[in-house]
Amino acid sequence: MADLNPLRLDGRHILVTGASSGIGRRTALMLHALGASLSVVDRDEAGLASLDAEFCAGNGVARQVADLSDIAGIEELVSRCVAAGGKLHGVVHCAGIQEIMPVRTLQIDGWRRIFAVNTEAALMLGKCLSSKKVYAGHHGSIVFISSVMGMVGSAGAVAYSMSKAALDGMARSLSLELAPRGIRVNCIAPGFVRTPLFEQTERLWDEATRKAVEDLHPLGFGEAEDVAHAVAFLVADTGRWITGSTLVVDGGYLAR
Ligand code: NAD
């Protein structure tokens with residue numbers, strides 16, 4: 001009997017950024033387990049290399065070390081991915097940075113550093129996928145990892161919130177432009193998810209603050225796998241009628 005699982009990704013080549021750590025890492029492992037071949041991208045070479053031990057079957061995974069804040073270098077990076085693994089069906093942009101920067105200390109290079117990787121790299125990746133030389137021509141799906149911080153405010157997060165709200169807006173317009181080509185474009189907005197990025201922020205909190213933040217999530221803090229499940233849903237045929245959306249995956253954070 002034919003495999004009727006609409007989450008299967010056999011025969012599809014997906015580029016996953018930020019694959020060395022956290023959400024990107026879990027996403028890469030999940031998409032691979034569902035049958036996709038992958039181009040995994042990160043600036044952390046050792047982190048990428050350590051992925052090999054976790055792929056059940058190491059086939060169909062090409063590693064590309066790159067700093068995505070070098071926006072002008074992304075076209076060449078994507079060409080390398082196509083040369084190594086064939087034309088792409090999708091891109092999942094998980095690479096991102098967050099720095100707590102109160103507005104009085106905010107400097108131009110600080111917000112541009114965040115904006116470059118979180119937002120501008122996403123746009124360049126979307127632009128690249130729209131090219132005939134890159135896009136496989138069917139099952140097109142782009143997923144950007146946004147944040148609830150693009151929808152609600154948080155003191156010290158001006159630059160980060162700006163970068164994520166811009167991503168949500170960009171995805172909506174891009175979805176309209178790329179729909180005729182059969183490429184869907186969506187964002188996922190996670191709440192607080194236990195990853196190395198989260199631990200960086202958590203270290204600044206005392207226990208009372210940690211508990212207060214966790215209590216904002218009726219289902220508690222999330223795990224990287226919770227977001228990876230949502231990515232798989234949007235990349236696969238389960239998401240085939242969804243485009244221009246931001247899917248909130250936040251344990252109820254925004255429900256209040
Ligand atoms: P993480 O720090 O665990 O992983 C991020 C990865 O991106 C790392 O492997 C890092 O090396 C890579 N990266 C960062 N800058 C890069 C660059 N310039 N070039 C190439 N690679 C780069 O973080 P995470 O928590 O998994 O976050 C993944 C995404 O999810 C980010 O966009 C983040 O903003 C978003 N997000 C995270 C949370 C959370 O609570 N963890 C919540 C909402 C949104």
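For the structure itself, consult the block above.
Along each chain, numbering runs from 1 in the same order as the chain's sequence is written. Local features in this predicted model are restricted to residues of pLDDT 70 or higher, and side-chain atom pairs are both shown and tallied only at a pLDDT of 80 or more, whereas totals for entire chains, interfaces and linings draw on every residue. To get the side-chain values, take all heavy atoms of the structure and skip hydrogens and water.

Asks: Explain the layout of surface pockets to me, and be specific about the residues and the numbers.
Replies: The calculated volume of the largest pocket comes to roughly 1,100 Å³. Grid points spaced at 1 Å over the protein atoms alone were grouped into cavities, where a 1.4 Å probe fits but cannot get out, and pockets, open sets with protein on both sides within 12 Å along at least five of seven lines, with lining residues defined by an atom within 4 Å of a point. Forming the walls of the largest pocket are 49 residues, and the residues nearest its centre are Gly96, Ile97, Gln98, Tyr160 and Leu197. Here a helix means four or more residues in a row that DSSP labels H or I, a strand means two or more in a row labelled E, and each is numbered from the N terminus. When contributions to the lining of the largest pocket are tallied by element, the ones reaching two or more residues are α1 (22-33), β2 (37-42), α4 (108-129), α5 (158-178), α6 (196-202) and α7 (207-215). Ranked by residue count, the leading element in the lining of the largest pocket is α6, at five residues. Residue polarity is assigned by list, with Asp, Glu, Lys and Arg as charged and Ala, Val, Leu, Ile, Met, Phe, Trp, Tyr, Cys and Pro as nonpolar; anything else, Gly included, falls into the polar class. When the residues that make up the lining of the largest pocket are grouped by side-chain class, the tally is 25 nonpolar, 17 polar and seven charged. As for the second largest pocket, its lining consists of Glu75, Val78, Ser79, Val82, Met124, Lys127, Cys128, Ser131, Lys133 and Val134. When contributions to the lining of the second largest pocket are tallied by element, the ones reaching two or more residues are α3 (74-85) and α4. Grid points are joined across faces, edges and corners, and a volume is the space filled by probe spheres set on the points.

Asks: So what about the site of the ligand? Which residues, and what values?
Replies: Among the 29 residues in the neighbourhood of the ligand, the closest are listed as Ser21, Ile23, Asp42, Tyr160 and Thr195. By the criterion applied in these results, polar contacts are pairs of N or O atoms within 3.5 Å in which, for protein atoms, one can donate a hydrogen and the other can accept it, and in which residues neighboring in sequence qualify only through two side-chain atoms. Cysteine 94 has a polar backbone atom sitting 3.3 Å from an oxygen atom of the ligand. The separation between an oxygen atom of the ligand and a polar main-chain atom of valine 193 is 2.8 Å. Each accessible area is a Shrake-Rupley estimate made with a 1.4 Å probe; only the visible protein chains count as cover when residues are assessed. With the chains in place, 93% of the 820 Å² that the ligand exposes on its own is no longer accessible. At the level of secondary structure, the elements contributing two or more residues to the shell around the ligand comprise α1, α5 and α6. Across the shell around the ligand, the residue classes break down as 14 nonpolar, 10 polar and five charged. The cutoff for a nearby residue is simple: one of its non-hydrogen atoms must lie within 4 Å of the molecule or strand.

Asks: Hey, could you go over α1 for me, with residue numbers and the actual values?
Replies: Multiplying 1.5 Å by the helix residue count minus one yields the expected span of that helix. Taking 1.5 Å per residue, 12 residues should reach 16 Å; α1 reaches 17 Å between its end C-alpha atoms and fits that length. Summarising burial for α1: 10 of the 12 residues are buried, a large majority. Working definition: with a 1.4 Å probe on protein chains only, accessible area under 20% of the residue-type maximum means buried, over 50% means exposed, and in between means partly exposed. Taken as a whole, α1 has its buried residues at Gly22, Ile23, Gly24, Arg25, Thr27, Ala28, Leu29, Met30, Leu31 and His32. Directly beyond the C-terminal end of α1, a positive phi value near 110 degrees is found at glycine 35.

Asks: So what's going on with the packing of α4 against α5? Which residues, and what values?
Replies: Two elements in contact, α4 and α5, have axes whose closest approach is 9 Å; the angle formed by their N-to-C orientations is 10 degrees. Between α4 and α5, the interaxial angle falls into the category roughly parallel. For the pair α4 and α5, the crossing hand works out as right-handed. When α4 is examined against α5, the residues Trp111, Ile114, Phe115, Asn118, Thr119, Ala122, Leu123 and Gly126 are found in contact with a partner set consisting of Ala159, Tyr160, Met162, Ser163, Lys164, Ala166, Leu167, Met170, Leu174 and Leu178. Between N-to-C directions, angles cover 0 to 180 degrees, with each direction set by a line fitted to C-alpha atoms, over the stretch in contact for helices. Orientation labels follow simple angle bins: below 35 degrees gives roughly parallel, above 145 gives roughly antiparallel, 65 to 115 gives roughly perpendicular, and whatever is left gives oblique. Left-handed describes a crossing in which the near helix is turned anticlockwise from the far one by less than a right angle; the clockwise case is right-handed. Whether two residues are in contact is decided by their heavy atoms, any of which lying within 4.5 Å being enough.

Asks: Can you break down the sheet that holds strand β1 (residues 13-17) residue by residue, with the values?
Replies: Here the rule is simple: two strands pair whenever DSSP picks up at least two bridges between them. Pairing within the open sheet is parallel, and its seven strands lie in the order β3-β2-β1-β4-β5-β6-β9. Two strands close off the open sheet at either side, each with one partner strand: β3 (61-65) and β9 (246-249). Here the strands of the sheet are splayed against their neighbours by 15 degrees on average, with no regard to which way each runs. Of the pairings in the sheet, the one linking β1 to β2 comprises five bridges and is parallel in character. Bridge assignment links threonine 17 to a residue of β2, and that residue is valine 41. In the packing of helix α8 (residues 224-235) onto the sheet, contacts are made with β1, β4 (90-93), β5 (140-145), β6 (183-190) and β9, and the angle to β6 comes to roughly 165 degrees.

Asks: Pulling in residues and values, what's your account of the pairing of β1?
Replies: Within a regular strand, side chains alternate between the sheet's two faces. In terms of residue burial, β1 counts as a mostly covered element, since five of its five residues are buried. Remark: the β1/α1/β2 crossover connection has right-handed handedness. Bridge count between β1 and β4: four bridges; the pairing is parallel. Within β4, the position partnered with isoleucine 14 by the bridge is glycine 90. A clockwise course of the path from the first strand over the helix to the second, judged with the strands pointing away from the viewer, identifies a crossover as right-handed.

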